[in-house]
Amino acid sequence: MAATERIGTTALEQVSRFPNLAHGDDIGRDIRGPDGIDEMTDTMTTSTRIDFIYLSEEDMIRAGVTDMAACVDTMEEMFALLYHGDYRMAGPSNNSHGSVVVFPEDSPFPDMPKPTPDRRFMAMPAYLGGRFKTAGMKWYGSNIANRDKGLPRSILMFVLNDADTGAPLAFMSANLLSAYRTGAVPGVGARHLAREDSKVVGILGPGVMARTSLAAFMAVCPQIDTVKVKGRGEKSLAAFQQWIAETYPQITTVQIVDTIEEVVRDSDIATFCQSGAIGDPSIYPVVKREWVSPGTFLSMPSLTNIDEGMEAPEIRKVLDNPGLYEAWFEENPKPVHRNVPVVGIRFLDLIDQGRMSHDQIEDLGKIVAGEAPGRRNDEEIIIMSVGGMPVEDVAWGTVVYRNALEKGIGVSLNLWDQPALR
């Protein structure tokens, strides 16, 4: 794809690349206004018809949503745009993670959902510029009890919109979209911050996030041959082992470990990918300085705490977007780590308490943009916080959408031929 090519299509462009979107002579017909004035501009007829495509999970797979190498490259491109400011998210600072609906402990309404762990509804809107020039929003409901019903913890959908008119371009299944963009961010981190000869990965939590994170690590550190993993149940561990064997035969050793220390100790890359209840940082999984070998890269997209030794200035601390964490910090009661369990918020709490200085915080986007150093030597220890952002969904969703158009994948849906109200 050419770097200057616009992603997102007019109705006429969609027809030329996605013939199923054409219906008779509707697109391209002569449209005249109420005064009989021809509304053609230049030589192209304007149509008020709006069609978009629906992409099921199977369609998303066919359109390349699981292409991790391409997703890592897309996320890297997105981080450079982020650093240069060519994006918008929600909130006063344009950096909010999203808007969330939570439920009270005691409600007078018996049918209101109960506040079980990770029980929420959330909307995550964003705009991304560069070659994307699209807007979108991920919407999801989440409840950890879904697992008892054989469902994912979160069930997600994503809508992609034309950034000019606001018209929908696609409505898509988003569990894989979200999982792969989340895993790709650790891959971007590893590309710039892990040792190139990294071979051993330690993983806490053998779930979806562990799979996509490992896939991203494999895409950028091809010498990986050993995985250590800690999980809670034999079933999930066995499934994870089987997935590794089927997907990455070059990984010759998979070791089941019993402690977090074993996950971290002697690992070139370590990552915490488990889920759990929030509210009490003292029970979040902790990284202790004594466990961490020189040269380790720690990627933390989940609940994480650190001990005092990891607070030291010589431990490099990288955030995927400092503005996101600053927005979280402004929006939540202190200490924020109780409600936002990622380690980057722990850094900001420590700064607020006078135990760390703000100049210890680094920006992944600045590193990706080439305006700050990545890994400087084989000895430094680097810990990166992964918060997750809706601009990531917009970036990867736009690429997958364009792939679907080019391949004729998806179901054409009509919003209207002409709007009833205008």
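Rules used throughout
- Residues numbered from 1 in each chain as written.
- Predicted model: local features only at pLDDT ≥ 70, side-chain atom pairs only at ≥ 80, totals over all residues.
- Heavy atoms only, no water.
- Helix = DSSP H or I, 4+ residues; strand = E, 2+ residues; numbered from the N terminus.
- Buried < 20%, exposed > 50% of the residue type's maximum accessible area, 1.4 Å probe, protein only.
- Areas by Shrake-Rupley, 256 points an atom, 1.4 Å probe, with all protein chains shown as cover.
- Salt bridge = Lys/Arg side-chain N within 4 Å of Asp/Glu carboxyl O.
- Axes fitted to C-alpha atoms, helices over the stretch in contact; angles between N-to-C directions.
- Parallel < 35°, antiparallel > 145°, perpendicular 65-115°, else oblique.
- Contact = heavy atoms within 4.5 Å.
- Core = buried A, V, L, I, M, F, W, Y, C linked by side-chain atoms within 4.5 Å.
- Pairing = 2+ DSSP bridges.
- Polar contact = N/O pair within 3.5 Å; in protein donor to acceptor, adjacent residues only side chain to side chain.
- Expected span 1.5 Å × (residues − 1).
- Left-handed = near helix turned anticlockwise from the far one by under 90°.
- Nonpolar A, V, L, I, M, F, W, Y, C, P; charged D, E, K, R; others polar.
- pLDDT = per-residue confidence, 0-100.
- Phe/Tyr/Trp six-rings, centres within 6.5 Å; stacked < 30°, edge-to-face > 60°.
- Lys NZ or Arg CZ within 6 Å of the ring centre and 35° of its normal.

1. What to know about the overall build of the protein
- When its secondary structure is counted, the protein shows 11 helices and 18 strands.
- In the protein, buried positions account for 52% of the 422 residues.
- About 18,900 Å² of surface is accessible on the protein, with carbon and sulfur atoms providing 51% of the total.

2. What about the pattern of salt bridges?
- Counted under the stated rule, the structure contains 19 salt bridges.
- One salt bridge connects Arg195 with Asp268, and the closest N-O pair in it is separated by 2.8 Å. With Arg195 in the loop between α4 (175-193) and β8 (200-204) and Asp268 in the loop between α7 (260-264) and β11 (269-272), this pair connects stretches of sequence that are 73 residues apart. Across the pair, Asp268 and Arg195 agree in class, each one buried.

3. Digging into the packing of helix α3 (residues 68-84) against α4
- One can describe the packing of α3 onto α4 by two numbers: an axis separation of 8 Å at closest approach and a directional angle of 75°. As summarised for this structure, α3 and α4 are arranged roughly perpendicular, according to the angle between their axes. Together, Met68, Cys71, Val72, Asp73, Met75, Glu76 and Phe79 of α3 and Tyr180, Arg181, Gly183, Ala184, Val185, Gly187, Val188, Arg191 and His192 of α4 make up the contact between the two elements.

4. Side note on the nonpolar core
- Within the largest apolar cluster, 111 residues are counted, with the highest numbers of intra-cluster contacts made by Leu214 and Leu298.
- Among all residues touching Leu298, those that are not within four sequence positions of it are Val264, Ala270, Val287, Val292, Met310, Ile381, Ile382, Ile383 and Met384.

5. Focus on the pairing of β11
- What you see with β11 is no split at all: Ile269 and Thr271 on one side and Ala270 and Phe272 on the other are buried throughout.
- In this structure, β8 lies alongside β11, joined through 4 bridges in parallel fashion. Bridging from a neighbouring strand, Leu204 pairs with Phe272 of β11.

6. Considering the environment of Asn143
- Among the structural elements, Asn143 can be located in the loop between β5 (134-142) and β6 (154-162).
- Ignoring sequence-local partners within four residues, the contact set of Asn143 consists of Thr116, Pro117, Asp118, Arg119 and Arg153.
- At 2.9 Å, the side chain of Asn143 forms a polar contact with the side chain of Thr116.

7. Brief notes about helix α11 (residues 390-407)
- Compared with an ideal rise of 1.5 Å per residue, which puts 18 residues at 26 Å, α11 spans 25 Å between its outermost C-alpha atoms and is within 8% of the ideal.
- Where burial is concerned, most of α11 is hidden: 16 out of the 18 residues are buried.
- At the exit of α11 stands Gly408, carrying a positive phi of roughly 65°.

8. As for the packing of helix α5 (residues 208-220) against helix α6 (residues 234-247)
- Contact geometry for α5 and α6: axes closest at 11 Å, N-to-C directions at 25°. Classified by the angle between their axes, α5 and α6 sit roughly parallel to one another. As for the relative orientation of α5 and α6, their crossing is right-handed in sense. Taken together, the residues of α6 that come into contact with α5 (itself represented by Ala210, Arg211 and Leu214) are Ala239, Phe240, Trp243 and Ile244.
- Considered class by class, the residues forming the contact of α5 with α6 number 6 nonpolar, no polar and 1 charged.

9. Quick word on the confidence of the model for the protein
- For the protein, mean pLDDT is 90; residues scoring 70 or higher make up 89% of the total.
- Below a pLDDT of 50 lies the segment residues 1-13, which in the model reaches 31 contacts outside its immediate sequence neighbourhood of four places, other chains included.
- Taken together, the stretch residues 15-44 has pLDDT below 50 and engages in 55 contacts with residues farther than four places along the chain or on a different chain.

10. Some remarks on the sheet that holds strand β16 (residues 361-363)
- Strand order in the open sheet formed by 8 strands is β10-β9-β8-β11-β13-β17-β15-β16, with parallel pairing between adjacent strands. Each edge of the sheet is formed by a strand with only one pairing partner; in this case those strands are β10 (253-256) and β16. Across the sheet, the mean angle from the axis of one strand to that of its neighbour is 20°, orientation sign disregarded.
- Against the sheet, α5 touches β8, β9 (226-230), β11 and β13 (297-300), its axis set at about 165° to β8.

11. Overview of unusual backbone geometry
- Look at the link from Lys334 to Pro335: it is a cis peptide, with omega at -10°.
- Along the polypeptide, Pro335 turns up in the loop between α8 (322-331) and α9 (343-352).
- Even without being a glycine, Lys133 presents a positive backbone phi close to 55°.
- Assignment of secondary structure puts Lys133 in the loop between β4 (120-128) and β5.

12. Comments concerning the packing of aromatic side chains
- Tallied over the entire structure, the rule returns 6 aromatic pairs.
- Measuring from ring centre to ring centre gives 6.5 Å for Tyr54 and Phe171, while their planes differ by 40°; the resulting arrangement is tilted. Linking Tyr54 in strand β1 (residues 50-55) with Phe171 in strand β7 (residues 168-173), this pair joins segments that are 117 residues apart in sequence.
- Overall, the relative accessible area of 35% leaves Phe171 in the partly exposed class.
- Relative to Trp328, the ring of Tyr325 lies with its centre 5.4 Å away and its plane at 80°, an arrangement referred to as edge-to-face. One end of the pair is Tyr325 and the other is Trp328, both in helix α8 and 3 residues apart, which spans about a single turn. Accessibility assignment for this pair places Tyr325 and Trp328 in one class, buried.
- When the ring centre of Phe329 is taken as reference, the NZ or CZ atom of Lys334 above it lies at 4.7 Å.

13. Section: the environment of Pro92
- Tracing the backbone through its elements, the reader meets Pro92 in the loop between β2 (87-89) and β3 (99-101).
- A sequence separation of 235 residues divides Pro92 from Ala327, and the C-alpha atoms of the two residues are 8.5 Å apart.

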